[in-house]
Amino acid sequence: MREENATPRPGDSDDGYSRRSVLRSAGIAGAGLGLGAFGASQAHAAEGGAAESAAAAEAAAPPRRGRTMIGVPFESHTTVRVGIIGLGNRGGGMIDLFLAQQGVRVTALCDPVADKVERAAKKVVDAGQPAPATYTKGDHDFEQLCARTDIDFVYVATPWDWHFEMARAAMENGKHVGVECPIAMRLDELWDLVDLSERTRRHCMQLENCAYGKNEMRVLRMAHAGLFGELLHAAGAYNHDLRGLMFDPDYYEGPWRRLWHTRLRGDLYPNHGFGPAANYMDIGRGDRVTHISSFGTPALALAEYREANMPPGDPSWKETYIKGDRTFSMLQTAKGRVIRLEHDVSTPHPYSRINSLGGTKGVFEDYEPRIYLEPTHTDDRWHDFGEFAEYDHWLWKEHSNPPGGHGGMDYIMVFRLMQCMRLGLVPDFDVYDAVTWTAPVPLSHLSIKAGGRPLRFPDFTRGGWKDERPGVDSEKPDGS
């Protein structure tokens, strides 16, 4: 669902997952550059260090450098001042939702493509706000945006290899930051984000819009009301045929997203499935994931699509794809529950995030939504999920027809985030959720390389998960 589209940069890469060093997306600045040789050599090198890299992933948590951010509220704001980095497909659309909020002003915009910034700046002025400051002078001009003193929140919607660097710059300059999925691509970066948030006292959030889907929020409230009984299992996915978009030179402005299929074997985009499932099971709020084991199919479909659709001499012919066409991850929690994650963007199939939850009293499955719960249902057949509309979250009751993409969940997410900042509330999710929902990216790669070996899942909260606390299933604020 998240289709970030900004001009990528050239980068240097090595097998950061086998030696805990740098892994950068080697984005292409010109269409004539291919990185097939890099992808092939990295794939061969990766196999040799599987055991060592798995052991490194299971190292103990580094010492805490600050104080926990669990339960820390935003400072209240009469007006929330927003800076946006990345104005492609995602950022260029999300700006409309920020401009639709009361008490929010977009003060600065950044993208190395000047035309995109110009179009976005016009939207700001057309909305009746002052002309924003603009930053278009190269790949690192975002640093100047982050250094401004008239920004409270930085929104990042850029290619994945930039996410960590931009989140770090925002926090180090005293800004709260929200980042599109995934929040970083390396385990050491995930730990660094936790440490930065704790040290700077700034929130760093994964903007997981699916957590605010209408079905997801209804299931969440039903789970918390006990309708599923004791929870046992959940499943989530990002199964979305992106072959045409990944080979479209204009949609992503280069092959940066496709090139990740030449570098990692695991789940590149776990957040949309994992975020809602983690909410159902109160991961980080009374339970936590302890282990992950991942498997992948052969990597065939992208090469087949290229053969059928791309002309000879296209740069993609230099690429060697190693990511399994479909990956599966099984996650075990401290309470013994199981979460299954899937990822597939390279084979033909209808869109699905699976979105399933089961317990001792019944089960929900999405795509199409259906439910079976005792004692309401006793006939051994699926029933209409609409029977449970009374459990809709208050956000969906107040915004029954929200504007924006993805069925309105984008608007609900932005509204709630800005509401928390204006009123000085604790955010619905924090840096610990962000890094937990993204950790399957590096961990699934390592597990697949090690033949599906179960790996210990880091406790990014350093023990804070044991205490129950509110999350997305929030109460309506007084006076809102």
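Refer to the preceding data block for the structure.
Residues numbered from 1 in each chain as written. Predicted model: local features only at pLDDT ≥ 70, side-chain atom pairs only at ≥ 80, totals over all residues. Heavy atoms only, no water.

Participant: Help me understand the nonpolar core, please; the structure alone is not making it clear to me.
Facilitator: The nonpolar side chains of a soluble globular protein tend to be buried with one another. Formed by 106 residues in total, the largest nonpolar core has its most connected members in L109, F153, L193, F228 and M418. Here this core takes 9 residues from helix α15 (residues 409–423), the largest share from any one element. Among all residues touching L109, those that are not within four sequence positions of it are I84, L87, I95, V117, A120, A121, V124, P132, A133, T134, Y135 and L145. Judged by nonpolar contacts, the second largest core, of 19 residues, contains W160, Y252, L302 and Y305. (Core = buried A, V, L, I, M, F, W, Y, C linked by side-chain atoms within 4.5 Å. Buried < 20%, exposed > 50% of the residue type's maximum accessible area, 1.4 Å probe, protein only. Helix = DSSP H or I, 4+ residues; strand = E, 2+ residues; numbered from the N terminus. Contact = heavy atoms within 4.5 Å.)

Participant: Whenever I open this one, the pattern of salt bridges confuses me. Can you help?
Facilitator: If charged atoms from side chains of opposite charge come close, those side chains can pair. For the coordinates displayed, the defined rule picks out 29 salt bridges. For K116, the salt bridge is made with E253, and the minimal N-O distance between the two is 2.6 Å. Note that K116 is positioned in helix α5 (residues 114–126) and E253 in the loop between α10 (243–246) and α11 (256–259), a separation of 137 residues in sequence. The class of K116 is buried, set by a relative accessible area of 8%. Residue E253 is classed as partly exposed on the basis of its relative accessible area, which comes to 23%. In this structure, D392 and R218 form a salt bridge, with 2.7 Å as the shortest nitrogen-oxygen distance. (Salt bridge = Lys/Arg side-chain N within 4 Å of Asp/Glu carboxyl O.)

Participant: For this particular structure, what's the right way to read the packing of aromatic side chains?
Facilitator: The way to describe two aromatic rings as a pair is by their centre distance and the angle between their planes. Scanning the model with the defined rule gives 18 aromatic pairs in all. Pairing Y251 with Y252 gives two aromatic rings, centres 4.9 Å apart and planes at 85°, and the pair type is edge-to-face. Judged by its relative accessible area of 1%, Y252 is buried. Taken together, the aromatic side chains of W160, Y238, Y251, Y252, W256, W260, Y269, Y351 and Y367 make up a single cluster linked through ring pairs. Of note, R218 hangs over the ring of F385, and the distance from its end group to the ring centre comes to 4.6 Å. Over the ring of W317 we find R306, and its NZ or CZ is 4.9 Å from the ring centre. (Phe/Tyr/Trp six-rings, centres within 6.5 Å; stacked < 30°, edge-to-face > 60°. Lys NZ or Arg CZ within 6 Å of the ring centre and 35° of its normal.)

Participant: Explain the pairing of strand β11 (residues 356–359) here, please?
Facilitator: In β11, alternate side chains face the same way, and those of S356 and G358 on one face and L357 and G359 on the other are all buried. When β11 meets strand β12 (residues 362–365), the two strands line up antiparallel, connected through 3 bridges. From the neighbouring strand, G359 faces β12, where its bridge partner is G362. Count of turn residues in the β11/β12 antiparallel hairpin: 2 residues. (Pairing = 2+ DSSP bridges.)

Participant: In this structure, what is going on with the sheet that holds strand β7 (residues 231–239)? I would like to understand it.
Facilitator: Two modes of strand pairing occur in sheets, parallel and antiparallel, and in both the strands are linked by backbone hydrogen bonds. The strand order across the open sheet built from 8 strands is β13-β12-β11-β7-β10-β9-β8-β14, with neighbouring strands paired in mixed fashion. Bordering the open sheet on either side are β13 (370–373) and β14 (455–456), each of which pairs with just one other strand. Of the strand pairs in this sheet, β7 and β11 are connected by 4 bridges, and their pairing is antiparallel. Its bridge partner lying in β11, H233 is registered against G358. Relative to β7, helix α12 (residues 271–280) is tilted by about 160°, and along the sheet it contacts β7, β8 (289–296), β9 (327–333), β10 (338–344) and β11. (Axes fitted to C-alpha atoms, helices over the stretch in contact; angles between N-to-C directions.)

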